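These are the residues of each chain, in order.
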Amino acid sequence: MSVWEKSSTVRVVAPARPRKLSKVPFVELADGRLQGVVSSGSDIGRVYVSSVAAGTYAFACSTNNNRPCGGARGMFCNHIRALVDEAVLQYGAGRVARYLKVEVEGGEPDAYAVTSAMVVTRPAQGDASAAAPVFSRFLRHLAYLELAPTTAPLPEMQWFPTTRAVA
């Protein structure tokens, strides 16, 4: 393959460790935040959209219908802690710490060390304006699960070049 063909494809990074999707079905490092969807512990029909901003660690947590999380009053709620835990499983603690600009003392960081380093700074509660796009992306990912397995290209993804395409 030419250099252009090698560099024009998206590389998929394998998860650091396998994770269960029942508690945190969607987690991503995007838009300058760690963000994702966390299942409610008390209501099976409710999910929370949680996020932590890189650098400032400003956090937000609200339900899928934009109601504020009762546990995120001045400190990280359990949803945000679960989000950090799952992000560390998905991406690795080092990558999460670098993305969020967390200075962790000692050796290799873990989820607890990353969370503790952020909590010590007493971050402010941020706005939940990112919840709608995050939840929309999560629903978009769920839609792909409903498709029947096929090797045919998906019409909405045909702009991706095939691996054997000739320029």
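Data block above holds the structure.
Within each chain, residue numbers correspond to sequence positions counted from 1 in written order. Confidence filtering applies because this is a predicted model: local features only for residues at pLDDT of at least 70, side-chain atom pairs given and counted only at 80 or more, and all residues used for totals across whole chains, interfaces and linings. Hydrogens and water molecules were not included; the side-chain quantities draw on all heavy atoms of the structure.

K.L.:
Looking at this structure, I do not really get the pattern of salt bridges. What am I missing?
P.N.:
Side-chain pairing between opposite charges can occur once the charged atoms of the two side chains come close. Throughout this description, the term salt bridge denotes a Lys or Arg side-chain nitrogen within 4 Å of a carboxyl oxygen of Asp or Glu. The final tally for this structure, using the stated rule, is four salt bridges. Through salt bridges with shared partners, a single network forms among Glu 28, Asp 31, Arg 33 and Arg 137.

K.L.:
How do you make sense of the pairing of strand E2 (residues 33–39) when you look at a structure like this?
P.N.:
In the case of a regular strand, side chains alternate between the two sheet surfaces. Extensive coverage of E2 is indicated by the burial of six of its seven residues. Strands pair, by our definition, only if DSSP identifies at least two bridges between them. Only DSSP runs of H or I with at least four residues qualify as helices, and only runs of E with at least two residues qualify as strands; both kinds are numbered from the N terminus onward. One ladder, built from five bridges, connects strand E1 (residues 26–30) with E2; its direction is antiparallel. Opposite Leu 29, over in E2, you have Leu 34 as the bridge partner. Hairpin remark: E1 followed by E2, antiparallel, with two residues in the connecting loop; positive phi at Asp 31, about 55°. Summarising the sheet, E2 and strand E3 (residues 47–53) pair through seven bridges and their orientation is antiparallel. Within the sheet, the bridge partner assigned to Val 38 lies in E3 and is Tyr 48. Buried, partly exposed and exposed residues are distinguished by accessible area as a fraction of the type maximum, computed with a 1.4 Å probe on protein chains only: under 20%, between the cut-offs, and over 50%, respectively.

K.L.:
It is not clear to me how the nonpolar core should be interpreted in this structure. Could you clarify?
P.N.:
For soluble globular proteins, nonpolar side chains are generally found buried alongside one another. Put simply, buried Ala, Val, Leu, Ile, Met, Phe, Trp, Tyr and Cys residues joined by side-chain atoms within 4.5 Å make one nonpolar core. Core analysis: the largest hydrophobic core is formed by 28 residues, its most contacted members being Leu 34, Val 52, Cys 61, Ile 80, Val 102, Val 114 and Met 118. Those elements that provide at least two residues to this core are E1, E2, E3, strand E4 (59–63), helix H2 (78–91), helix H3 (93–100) and helix H4 (111–120). Tallying contributions element by element places H2 first for this core, with six residues. Contacts of Val 52, omitting those with residues within four sequence positions, involve Gly 32, Arg 33, Leu 34, Tyr 57, Ala 58, Phe 59, Phe 76, Ile 80, Leu 100 and Met 118. Formed by eight residues, the second largest nonpolar core is a distinct cluster that contains Val 49, Ala 131, Val 134 and Phe 135. Here, two residues are considered to be in contact whenever any of their heavy atoms come within 4.5 Å of each other.

K.L.:
Would you mind going over H3 with me for this structure?
P.N.:
Along an α-helix, residues three or four positions apart point the same way, because every turn accommodates 3.6 residues. Among all positions of H3, only Ala 93, Gly 94, Val 96, Ala 97 and Leu 100 are buried. The buried residues of H3 occupy one face: seen down the axis, they fall within an arc of 165°. Lining the buried residues of H3 we find E2, E3, H2 and H4. Once H3 ends, the next one or two residues include Lys 101, with phi positive near 60°. What the arc measures is the spread of directions leading from the helix axis to the C-beta atoms.

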